Each structure stands twice: as C-alpha cells, then as structure tokens.
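What follows is each chain in one-letter form.
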Amino acid sequence: MTDEAIPNLPEFNDAALDQAFAALEAQARQAAAALNSESAVEAFKLEWLGRKQGRLNEISGRWLKAAPAEAKKALGVRFNALKGVVEELLEAALGSGPSNAALQAEALDITLPGTRRLLGAEHPITRTMNEIVGVFAALGYSVGVGPEVETDFYNFESMNFPPGHPARDEQDTLVIAGQERRPLRDRLLLRTHTSPVQMRTMEQQPPPVRVVIPGKVHRNDAADATHSPIFHQVEGLCVDTNITFSDLKGTLDHAMKALFGSAVKTRFFPSFFPFTEPSADVQISCIFCGGKGCRKCKQSGWIELLGCGMVDPAVFAFAAEKQPAYDSRKISGFAFGMGVDRIAMMKYGIREIGSLFAGDMRFLGQFT
Ligand SMILES: [Zn+2]
C-alpha cells in the first residue's frame with residue numbers, strides 16, 4: 001500500500017505538474033514491484049483504479065477541479081499518462097502467473113515415451129474357432145450356443161447314448177456332485193461334447209436347420225501333450241428334406257478346402273457314433289507334406305480330422321417329442337464335429353495342448 005496521501009497542488013505550472021506526477025508514478029512503480037500474491041494485486045488495483053476511493057479518481061476529482069482553465073489540458077495529458085502507467089503495471093502483475101519455482105515443480109517432460117498399453121489379440125483357439133464358423137456361415141449356417149453344465153438327457157440320452165450304453169465309457173465325464181437323488185436324465189454334468197446344442201436347437205425350431213455350434217467341452221482326461229480336461233469343438237447340423245450322404249461329403253470337402261487350401265483332399269472311412277447312422281471318420285491329405293508322407297502324418301499322407309454321419313432316426317425321435325416335424329420318414333440330416341484345439345495346433349505348429357491354456361504371455365504374444 002502507498003501510505004502517502006494525495007497532496008493539494010500549490011501551483012499548476014509545467015514544472016510543478018511534472019514533479020507531482022513523477023512522484024505519483026514512482027509511488028505506483030514501487031508498490032507494483034512489491035506485489036507478491038493475487039490478493040496484493042487485487043488491493044493494488046483497488047487502491048489506484050477504484051471507482052470511489054481510488055487514487056486516480058481522487059486526483060482527477062481534486063486536482064482537475066482546482067486547476068485554472070489554462071492548466072487543465074496540461075494536467076489532463078499527464079493524468080492520462082499516469083493512468084496508462086498504472087494500468088500497464090497492473091497488467092504485468094496479473095499476467096506474471098505462478099513463480100518459476102512453482103512452474104518447475106510441476107514441469108512435465110513431454111519428450112518422454114508414454115505408458116504403452118499391450119495390444120490385444122485373439123487367442124489362437126478363438127481365432128481358429130471363428131475361422132471354422134466363418135466357413136460355414138458363408139454356406140448359410142447360423143451359430144448355436146448352449147450351457148456347459150448340461151443334463152444327462154441332453155448330453156447322453158437324447159444323443160442316443162441310453163443309460164448303461166458302452167459308448168458312455170468313451171467319454172469320461174465330469175459330473176456335478178450331490179445329484180444321486182435326481183432321476184438319471186436330470187443329473188448335471190459338464191458337457192462332453194457340443195452335441196446337446198443340436199437337440200436344443202431342434203427342440204426350438206422345426207426343419208430346415210443349418211447350425212454350427214462352437215464351444216468348450218470337458219472330459220476327465222489326464223493332461224498330456226495332446227489331451228486336456230478342457231478342449232473345444234465345432235459341431236454342425238443340417239436337417240431338411242432329401243439331405244443325403246453326398247451333401248455331407250460335398251459340404252465337408254468344401255469346408256476343408258476353405259480352411260486348409262484348395263489342394264487339400266478328403267476321404268471318408270466307416271466309423272461309429274451313437275447319434276449318427278451311418279457314421280464316418282474324415283481324413284484330409286497331410287497339409288505338411290501334401291500327401292507324400294512325413295513325420296506329422298506318420299508317413300501315411302493323411303490326417304484324421306473330423307467325425308460325421310447321417311443323423312440317427314433315434315435322435316430325431318427325441319426331437320420330435322417337442323417338434324413333430326422331425327419325422328425321420330419325411331426329413332433327413334447330417335451332423336459333423338471337429339476338435340478346434342487340434343486344428344489350431346496343426347495350423348500354428350503348437351506341440352503341447354497345455355500351452356493353449358497356461359496363460360503364458362510369452363507364448364500367447366506370438367499370435368498378436
Ligand atoms: Zn505328412
């Protein structure tokens with residue numbers, strides 16, 4: 001604050017005016033130099049430019065009024081110059097901002113590299129599953145999903161594995177504990193294949209049906225290089241009038257060429273599955289040696305990849321309980337299934353199925 005009050009002007013000649021205004025300017029500069037906080041700047045502004053009690057207001061009020069007419073112009077010029085100086089000082093004080101020390105304390109080095117987030121990528125299983133589904137989607141198949149915890153009815157009985165059937169032994173099953181009091185068909189288990197979704201689909205929609213079912217399945221298998229208690233399947237089901245084994249062969253031959261390249265050949269061998277009759281195993285010509293014979297195909301030139309067959313009339317009979325249109329005298333269909341993990345291992349040269357599920361980023365990072 002400036003302590004000195006505004007004096008009365010004894011004379012109004014140029015020399016007296018110069019002296020008086022120079023003194024005021026010196027006071028203003030001195031006060032401005034001492035400003036060190038926002039509130040001090042605000043006080044300075046009020047003291048000099050305040051509308052009622054401001055020093056400039058007082059000067060114009062007292063000096064200008066007292067000045068004789070011939071001195072008014074000279075006084076006005078000096079007054080405006082002083083006002084300009086005060087305003088400049090105030091502007092400088094307002095614009096100065098935080099101190100250098102404060103600025104340095106919060107300084108950022110914008111040339112430092114930022115935090116880099118890891119790029120996400122599809123897991124090789126997901127990628128392979130999507131590729132397979134994509135091939136069938138292009139043929140007009142829709143995608144079906146269902147629960148992983150399934151009833152004995154959907155997983156076994158409706159797929160033509162009657163209670164006590166020896167085929168049940170081939171699928172060593174993980175069952176939910178504490179189910180003994182329930183009827184067998186209602187007991188819960190971890191599904192051993194995606195086939196229950198075939199039945200669930202047929203129960204919900206009459207033929208024609210074209211559906212692929214990708215999903216996770218569980219069996220009580222001891223883990224080794226090619227077995228895991230968790231693995232993945234894609235199954236397919238096609239039901240319509242006049243569906244024949246030729247349709248099955250043509251569809252799978254096309255799908256294998258779409259997945260592994262147009263040079264791939266397929267061949268079909270008689271096999272057995274409870275839910276298809278007749279049933280077949282499908283082999284493709286070895287994708288590593290082109291059929292000449294190598295270590296991967298055990299010198300045979302062929303790799304076994306799929307199971308398939310014409311849907312067993314007994315399966316249609318279960319579907320017909322809810323959808324009478326599944327009358328095996330009027331419609332027919334085929335089904336097929338393949339292991340996604342095995343195909344992914346073949347495609348990407350993975351030796352241990354366990355590395356697909358270990359969550360090791362050094363392994364998974366190779367697929368980004
Ligand atoms: Zn081979």
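Structural data are supplied above this passage.
Being a predicted model, the structure only gives us computed values, none of them experimental.

Participant: Just checking my understanding: could you explain the sheet that holds strand 1 (residues 142–143) for this structure?
Facilitator: What links the strands of a sheet is backbone hydrogen bonding, and the strands pair in either a parallel or an antiparallel sense. On the basis of which strands lie adjacent, the open sheet formed by seven strands has the order 1-4-5-9-8-7-6 and mixed pairing. With one partner strand each, in any of the chains shown, strand 1 and strand 6 (266–273) form the two edges of the open sheet. Pairing of strand 6 with strand 7 (residues 276–285), which is carried by seven bridges, proceeds in the antiparallel orientation. Looking at strand 7, one finds that R267 is bridged to Q283.

Participant: Mind showing me how you'd approach the coordination of the zinc ion here?
Facilitator: Working reference: metal with six octahedral donors, ideal angles 90 or 180 degrees; metal with four tetrahedral donors, ideal angle 109.5 degrees. All of the protein donors around the zinc ion are C286 (SG), C289 (SG), C294 (SG) and C297 (SG); their distances to the metal are 2.2 to 2.3 Å. For the zinc ion, the four donor atoms in the first shell make angles of 103 to 114 degrees at the metal, so the coordination geometry reads as tetrahedral. Here the donor residues for the zinc ion map to a single chain with the spacing C-x2-C-x4-C-x2-C. Placement of the pair is C286 in the loop between strand 7 and strand 8 (302–311) and C297 in the loop between strand 7 and strand 8, with a sequence separation of eleven residues. In terms of burial, C286 and C297 fall into one category: buried.

Participant: Looking at this structure, I do not really get the pattern of salt bridges. What am I missing?
Facilitator: A side chain with one charge can pair with a side chain of the opposite charge if their charged atoms come near. Summed over all chains, the structure comprises 13 salt bridges. R78 is paired through a salt bridge with D18; the nearest N and O atoms lie 2.7 Å apart. Placement of the pair is R78 in helix 4 (residues 72–95) and D18 in helix 1 (residues 14–33), with a sequence separation of 60 residues. Overall, R78 belongs to the buried group, its relative accessible area being 19%. The partly exposed category is assigned to D18, whose relative accessible area is 42%. With a closest N to O distance of 2.6 Å, E131 and K347 form a salt bridge. Taken together, the residues span a long stretch of sequence, with E131 in helix 6 (residues 124–137) and K347 in helix 11 (residues 340–348) at a distance of 216 residues. Taken together, the salt bridges that share partners define one network made up of D14, D18 and R78.

Participant: Mind showing me how you'd approach the pairing of strand 7 here?
Facilitator: Both faces of the sheet carry side chains from a regular strand, because those side chains alternate between them. Counting buried residues along strand 7, eight of its ten residues qualify, which places the element largely inside the surrounding structure. Counting the residues between successive antiparallel strands, the hairpin from strand 6 to strand 7 contains two residues. By the bridge criterion, eight bridges tie strand 7 to strand 8 in an arrangement that is antiparallel. Looking at the pairing, I284 lines up with I303 of strand 8.

Participant: Explain the nonpolar core to me, please; I cannot follow it from the model alone.
Facilitator: Soluble globular proteins: nonpolar side chains tend toward being buried together. Counting 43 residues, the largest nonpolar core has F136, L252, M256, F260, L305, F336 and M338 as its most contacted members. Among the elements of the structure, helix 6, strand 5 (230–240), helix 9 (245–260), strand 7, strand 8, strand 9 (332–339) and helix 11 are those that each provide at least two residues to this core. Discounting residues that sit within four places of it in the chain, F336 has contacts with F136, Y141, V212, V234, E235, G236, L252, G307 and C308. Judged by nonpolar contacts, the second largest core, of 26 residues, contains I6, L17, V41 and L90.

Participant: Please clarify how the side chain of Q323 should be interpreted in this entry.
Facilitator: Examined against the element boundaries, Q323 turns out to sit in the loop between helix 10 (313–320) and strand 9. On the basis of relative accessible area, Q323 is assigned to the buried category, the value being 15%. Within the structure, Q323 has its side chain in polar contact with the backbone oxygen of E203 (distance 3.2 Å). Excluding residues that lie within four positions of it along the chain, Q323 makes contacts with M202, E203, Q204, Q205 and P206.

Participant: Teacher, can you tell me more about the packing of aromatic side chains here?
Facilitator: Taken as a whole and assessed by the stated rule, the structure comprises 14 aromatic pairs. Aromatic pair F153 and F318: ring centres 5.7 Å apart, planes at 75 degrees, arrangement edge-to-face. In this pair, F153 is assigned in helix 7 (residues 152–155) and F318 in helix 10, connecting sequence segments 165 residues apart. On the accessibility criterion, F318 (17% relative accessible area) is buried. When the ring of F316 is compared with that of Y326, the centres are 6.1 Å apart and the planes differ by 20 degrees; the resulting orientation is stacked. One end of the pair, F316, is in helix 10; the other, Y326, is in the loop between helix 10 and strand 9, with ten residues separating them in the sequence.

The rules we used
- Residues numbered from 1 in each chain as written.
- Predicted model: local features only at pLDDT ≥ 70, side-chain atom pairs only at ≥ 80, totals over all residues.
- Heavy atoms only, no water.
- Pairing = 2+ DSSP bridges.
- Helix = DSSP H or I, 4+ residues; strand = E, 2+ residues; numbered from the N terminus.
- Donors = N, O, S within 2.8 Å, 3.2 Å for Na, K, Ca; no water.
- Tetrahedral: all angles 85-135°; square planar, octahedral: opposite > 155°, others 65-115°.
- Buried < 20%, exposed > 50% of the residue type's maximum accessible area, 1.4 Å probe, protein only.
- Salt bridge = Lys/Arg side-chain N within 4 Å of Asp/Glu carboxyl O.
- Core = buried A, V, L, I, M, F, W, Y, C linked by side-chain atoms within 4.5 Å.
- Contact = heavy atoms within 4.5 Å.
- Polar contact = N/O pair within 3.5 Å; in protein donor to acceptor, adjacent residues only side chain to side chain.
- Phe/Tyr/Trp six-rings, centres within 6.5 Å; stacked < 30°, edge-to-face > 60°.

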